[in-house]
Amino acid sequence: MKNTKGTFIVKVDNYQSGTWQGRVIWADENVTEHFRSTLELMKLIDEAVSAQAASMQLPGDSVSAS
């Protein structure tokens, strides 16, 4: 897999029930998503980076399990 990076801006609007609520902005794509928990924030970032990596993969490239 290629080295995939992303820039994210996290804006925490509230701290409730032991977790964060707010917005995350994917600066590279200018996309904003709202999150209701820290776990949801991590999932959003993971999905964005995974989607970027998949779009960067050239036809015929394969990911081998090492």
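I will try to describe carefully the structure that is included in this document. Computed from a prediction, not measured in an experiment: that's the story for all the values here.

So, on to the pairing of strand β2 (residues 19-26). For β2, a buried count of six out of eight residues is recorded, marking the element as mostly surrounded by other parts of the structure. Bridge count between strand β1 (residues 8-16) and β2: eight bridges; the pairing is antiparallel. Within β2, the residue paired with valine 12 across the bridge is glycine 22. The turn linking β1 back onto β2 is made up of two residues, and serine 17 within it adopts a positive phi angle of 55°. Strand direction decides the pairing type here: β2 and strand β3 (residues 31-35), joined by five bridges, are antiparallel. The residue bridging tryptophan 26 from the neighbouring strand is valine 31, located in β3. Here β2 folds back onto β3 in antiparallel fashion, the turn holding four residues, of which asparagine 30 has a positive phi close to 55°.

Turning next to the pattern of salt bridges. In the structure shown here, the tally under the stated rule is two salt bridges. Here glutamate 40 and arginine 36 are joined by a salt bridge, their closest N and O atoms 3.4 Å apart.

Here the focus is the side chain of glutamine 21. Here glutamine 21 shows up in strand β2. Among the residues examined, glutamine 21 registers a relative accessible area of 16% and is labelled buried. Polar contacts involving the side chain of glutamine 21 include one to the main-chain carbonyl oxygen of threonine 19, which spans 3.3 Å. Here glutamine 21 is in contact with Lys11, Val12, Asp13, Asn14, Tyr15, Gln16, Phe35 and Arg36, once residues within four sequence places are set aside.

Before going further, it helps to examine a nonpolar patch on the surface. Among the surface-exposed residues, Val10, Val12, Tyr15 and Trp20 lie close enough to one another that they form a single nonpolar patch of about 390 Å² accessible area. Ranked by residues supplied to the nonpolar patch, first place goes to β1 with three residues. Position of tryptophan 20 among the secondary structure elements: in strand β2. Residue classification places tryptophan 20 among the partly exposed residues on the basis of a relative accessible area of 36%.

Rules and cut-offs
- Residues numbered from 1 in each chain as written.
- Predicted model: local features only at pLDDT ≥ 70, side-chain atom pairs only at ≥ 80, totals over all residues.
- Heavy atoms only, no water.
- Buried < 20%, exposed > 50% of the residue type's maximum accessible area, 1.4 Å probe, protein only.
- Helix = DSSP H or I, 4+ residues; strand = E, 2+ residues; numbered from the N terminus.
- Pairing = 2+ DSSP bridges.
- Salt bridge = Lys/Arg side-chain N within 4 Å of Asp/Glu carboxyl O.
- Polar contact = N/O pair within 3.5 Å; in protein donor to acceptor, adjacent residues only side chain to side chain.
- Contact = heavy atoms within 4.5 Å.
- Patch = residues over 30% accessible without salt bridge, like charges linked within 9 Å, V, L, I, M, F, W, Y side chains within 5 Å.
- Areas by Shrake-Rupley, 256 points an atom, 1.4 Å probe, with all protein chains shown as cover.

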